[in-house]
Amino acid sequence: MRNKTMQELDEQYKNAREHIAAYEVGGVTYTVHSFCVGDKDINEVMERLAMQYALNEPETVTA
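Residues numbered from 1 in each chain as written. Predicted model: local features only at pLDDT ≥ 70, side-chain atom pairs only at ≥ 80, totals over all residues. Heavy atoms only, no water.

What to know about the overall build of the chain
- Looking only at helices and strands, one finds two helices and two strands in the chain.
- Listing the helices and strands of the chain from first to last along the sequence gives α-β-β-α.
- By the compact-globule yardstick of 11 Å for 63 residues, the chain is too spread out, its C-alpha radius of gyration being 19 Å.
- Its C-alpha atoms give the chain principal-axis dimensions of roughly 60 × 35 × 20 Å.
- Buried positions account for 3% of the 63 residues belonging to the chain. (Helix = DSSP H or I, 4+ residues; strand = E, 2+ residues; numbered from the N terminus. Rg over C-alpha atoms; globule rule 2.2 N^0.38 Å. Buried < 20%, exposed > 50% of the residue type's maximum accessible area, 1.4 Å probe, protein only.)

What about the pattern of salt bridges?
- Across all of its chains, the model carries two salt bridges by this definition.
- The residue Arg2 makes a salt bridge to Glu8 at a minimum N-O spacing of 2.5 Å.
- A residue is classified by how much of its surface remains accessible, and Arg2, at 54% relative accessible area, is exposed. (Salt bridge = Lys/Arg side-chain N within 4 Å of Asp/Glu carboxyl O.)

Things to note about the pairing of strand β1 (residues 17-25)
- Sheet topology note: the β1/strand β2 (residues 28-36) ladder contains nine bridges and is antiparallel. When the bridges of β2 are listed, Glu18 appears paired with Phe35.
- Connecting β1 to the next strand, β2, in antiparallel fashion are two residues, including Gly26 with a positive phi near 60 degrees. (Pairing = 2+ DSSP bridges.)

Here's the deal with a nonpolar patch on the surface
- On the surface, a nonpolar cluster with roughly 460 Å² of combined accessible area is contributed by Met6, Leu9, Tyr13, Phe35 and Val37.
- When you line up the elements, Met6 lands in helix α1 (residues 6-12).
- The exposure class assigned to Met6 is exposed, which follows from its relative accessible area of 57%. (Patch = residues over 30% accessible without salt bridge, like charges linked within 9 Å, V, L, I, M, F, W, Y side chains within 5 Å. Areas by Shrake-Rupley, 256 points an atom, 1.4 Å probe, with all protein chains shown as cover.)

In short, shape yes, function no, at least from these values alone.
Next up, the structure:
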């Protein structure tokens with residue numbers, strides 16, 4: 001598989017939905033452009049994220 005040129009990528013994703021959000025971190029504002037491309041199974045993604053969160057969450061000890 002060969003690497004695509006920037007022009008080929010532009011053409012491939014020209015109709016992708018774009019979401020723009022601004023985040024402030026340490027007093028600096030960052031603008032993030034997200035492009036929704038491809039197909040994913042939302043159930044699979046949410047399950048994987050939930051498992052990652054559960055495994056990384058420290059256990060809470062109640063007395």
